[in-house]
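Each chain, written out:
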Amino acid sequence: MEVSASSGAFIHTPGTQSEIATVIQGVLLGLFLLPLLYKSSLQVWVYCRTLGKQRTQAIEKRAEKGTGSAVFYVSLLVVLLFLVPSWTRLVQGLEVHPFVWVLNYMFTNSDERLLLCAYWIFVICVSIRRFYSISKQSKTERILLRKYYHLVAVLIFSPAVIFQPAFLDLAFGAAFALFLILEMIRVWEVYPLGHTIHQFMNAFTDHRDSEILIISHFSLLLGCALPKWMSSGFNDRPLAPFAGILSLGIGDTMASMIGYKYGVLRWSKTGKKTIEGTAAGITSVLAACSILVTLLASSGYILSQHWLSLSVAVTLSLLLEAYTTQLDNAFIPLVFYSLLCL
């Protein structure tokens, strides 16, 4: 693939990209420290409580649940309002609070970003409402429910990669942070959202999720985000940022749906993945690439596409998907990204 003209949509100023990375790193670092702060604070509270009067078991249980939830939310506020800005200021030199920086970034010359946010909110609200009703129908297979989320990822991320790539970097970080917070609330059954989140997420689990952690949504998000993050600042591989969207949202989804409904020839005697599904995945990704090449060309790129090398990259990635059973959502996009960058 050769690029003889660059598109302004893919050019980032170093300062803006550096500040986005700083905000993402600070927030994620703070959230990774949140369990330590929360559990330590909870242990201190339990110790202080043992020094007080003994109460009935029912009262103790209600008090423990309510106080534990309060401790979690206070710990979360401490992390987001104090620890994160302290780290970004002392280590990275960001003078303003990260959340103030995000608001300034969103509302300064940002009609396109605000429209994109409105579009994301609309798609997410419609999807959650629709999927929640579908998940209650026992006739719908769980594997198909999971692939619907892959299609939603295509709808959400594809326009942003083309028109607002820098903003998408920030949005990926925000989404990952939100997933971390929601997973903590679910695992620790933090009132009042813990039980509701667990019921909703449990409808989309599979054998790769443990009894404690549900990681499928993390792997899908990282599968889409990592190729984009690794491509930031480079515009000589226009299809590389789409590696996760193409391999997961298009290829993996079509392979699963077609293989489930029409697949007969299996790759192995013990596996469930079929040759028909893999062929559908390869065909769909190549078709999506042809559309993307046209869109990128209309954005200012003059592309000379080596379809042979692209076909080899797509085929190898989908063949690997057919033989991968663990965390393929995070692994396959990285392989596809690497092949696209060759």
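Residues numbered from 1 in each chain as written. Predicted model: local features only at pLDDT ≥ 70, side-chain atom pairs only at ≥ 80, totals over all residues. Heavy atoms only, no water.

(A) Region of the structure containing the overall build of the protein chain. Of regular secondary structure, the protein chain possesses twelve helices and two strands. Each helix and strand of the protein chain, ordered N terminal to C terminal, gives the series β-α-α-α-α-α-α-α-α-α-α-β-α-α. For the protein chain, the proportion of its 342 residues judged to be buried stands at 44%. In the protein chain, the proportion of contacts linking residues at least 24 apart, taken out of those at least 6 apart, comes to 75%. In the form shown here, the protein chain has an accessible surface area of approximately 18,300 Å², with 67% of it arising from carbon and sulfur atoms. (Helix = DSSP H or I, 4+ residues; strand = E, 2+ residues; numbered from the N terminus. Buried < 20%, exposed > 50% of the residue type's maximum accessible area, 1.4 Å probe, protein only. Contact = heavy atoms within 4.5 Å. Areas by Shrake-Rupley, 256 points an atom, 1.4 Å probe, with all protein chains shown as cover.)

(B) A look at the pattern of salt bridges. For the coordinates displayed, the defined rule picks out four salt bridges. Between Glu95 and Arg89 there is a salt bridge whose closest N-O contact spans 3.2 Å. The class of Arg89 is partly exposed, set by a relative accessible area of 44%. Of the charged contacts in the structure, one is a salt bridge between Arg186 and Glu183, with a shortest N-O distance of 2.7 Å. Of this pair, Arg186 and Glu183 both sit in helix H6 (residues 165-187), three residues apart, which is roughly one turn of that helix. Judged by relative accessible area, which is 4%, Arg186 ranks as buried. The class for Glu183 is buried, based on a relative accessible area of 7%. (Salt bridge = Lys/Arg side-chain N within 4 Å of Asp/Glu carboxyl O.)

(C) Representation of the nonpolar core within the structure. Core analysis: the biggest nonpolar cluster contains 78 residues, and Leu31, Phe157 and Leu170 have the highest contact counts within it. Considering every element that reaches this core, the biggest residue donor is H6, with twelve residues. Setting aside residues no more than four positions away along its own chain, Phe157 makes contact with Leu168, Phe172, Leu221, Cys224 and Ile245. (Core = buried A, V, L, I, M, F, W, Y, C linked by side-chain atoms within 4.5 Å.)

(D) A nonpolar patch on the surface, seen in detail. Residues Val74, Leu77, Val78, Leu81, Phe82, Leu83 and Phe99 make up a contiguous nonpolar surface patch of roughly 610 Å² in combined accessible area. When residues in the nonpolar patch are grouped by element, the largest group, six residues, is from helix H2 (residues 57-90). Take Phe82: it is sitting in helix H2. (Patch = residues over 30% accessible without salt bridge, like charges linked within 9 Å, V, L, I, M, F, W, Y side chains within 5 Å.)

(E) Spotlight on the packing of helix H9 (residues 243-262) against helix H12 (residues 328-340). Running from N to C, H9 and H12 cross one another at 125°; their axes reach a closest spacing of 8 Å. Considering the angle they form, H9 stands oblique to H12. With respect to the hand of their crossing, H9 and H12 are arranged in right-handed fashion. Residues Ala243, Gly244, Leu246, Ser247, Leu248 and Asp252 of H9 lie in contact with H12, whose contacting residues are Asp328, Asn329, Ile332, Pro333, Phe336, Tyr337 and Leu340. (Axes fitted to C-alpha atoms, helices over the stretch in contact; angles between N-to-C directions. Parallel < 35°, antiparallel > 145°, perpendicular 65-115°, else oblique. Left-handed = near helix turned anticlockwise from the far one by under 90°.)

(F) Region of the structure containing the packing of aromatic side chains. Applying the stated criterion across every chain, the model contains twelve aromatic pairs. Seen in terms of ring centroids, Phe172 and Trp229 are 6.3 Å apart; in terms of plane orientation they differ by 85°. Their pairing is edge-to-face. Of this pair, Phe172 sits in helix H6 while Trp229 sits in helix H8 (residues 216-231), placing them 57 residues apart in sequence. With a centroid separation of 5.6 Å and an interplanar angle of 75°, the aromatic rings of Phe176 and Phe218 are classed as edge-to-face. One end of the pair, Phe176, is in helix H6; the other, Phe218, is in helix H8, and 42 residues separate them in sequence. Neither Phe176 nor Phe218 differs from the other in exposure class; each is buried. One aromatic cluster is present, built from ring pairs that chain together Tyr38, Phe72, Tyr73 and Trp188. Here Arg113 stacks its cationic end above the ring of Tyr105, 4.3 Å away from the centre of that ring. (Phe/Tyr/Trp six-rings, centres within 6.5 Å; stacked < 30°, edge-to-face > 60°. Lys NZ or Arg CZ within 6 Å of the ring centre and 35° of its normal.)

(G) Representation of the environment of Leu342 in the model. Relative to the elements of secondary structure, Leu342 occurs in the segment after H12. Through-space distance from the C-alpha of Leu342 to that of Arg237 is 9.4 Å; in sequence the pair is 105 residues apart.

(H) A look at the UniProt feature "transmembrane region" (unreviewed entry) in the protein chain. With numbering aligned to this structure, UniProt lists the feature "transmembrane region" (unreviewed entry) at residues 20-38, 70-88, 113-132, 242-260 and 280-301. This span, residues 242-260, is 95% helix and 0% strand, and a straight line between its end C-alpha atoms measures 25 Å. (UniProt positions renumbered as here; feature names shortened; annotations may be inferred.)

(I) Expanded view of the side chain of Ser256. With respect to the helices and strands, the residue Ser256 is situated in helix H9. With a relative accessible area of 14%, Ser256 lands in the buried category.

(J) A look at the side chain of Glu321. Of note, Glu321 is situated in helix H11 (residues 307-323). Contact partners of Glu321, with chain neighbours within four places excluded, come to Asp252, Ala255, Lys273, Asp328 and Ile332.

(K) Focus on H11. The first and last C-alpha atoms of H11 sit 24 Å apart over 17 residues, in line with the 24 Å expected at 1.5 Å per residue. Leu310, Ala313, Val314, Ser317, Leu318, Glu321 and Ala322 are the residues of H11 that are buried. Looking at the buried side of H11, the elements it contacts are H9, helix H10 (275-298) and H12. (Expected span 1.5 Å × (residues − 1).)

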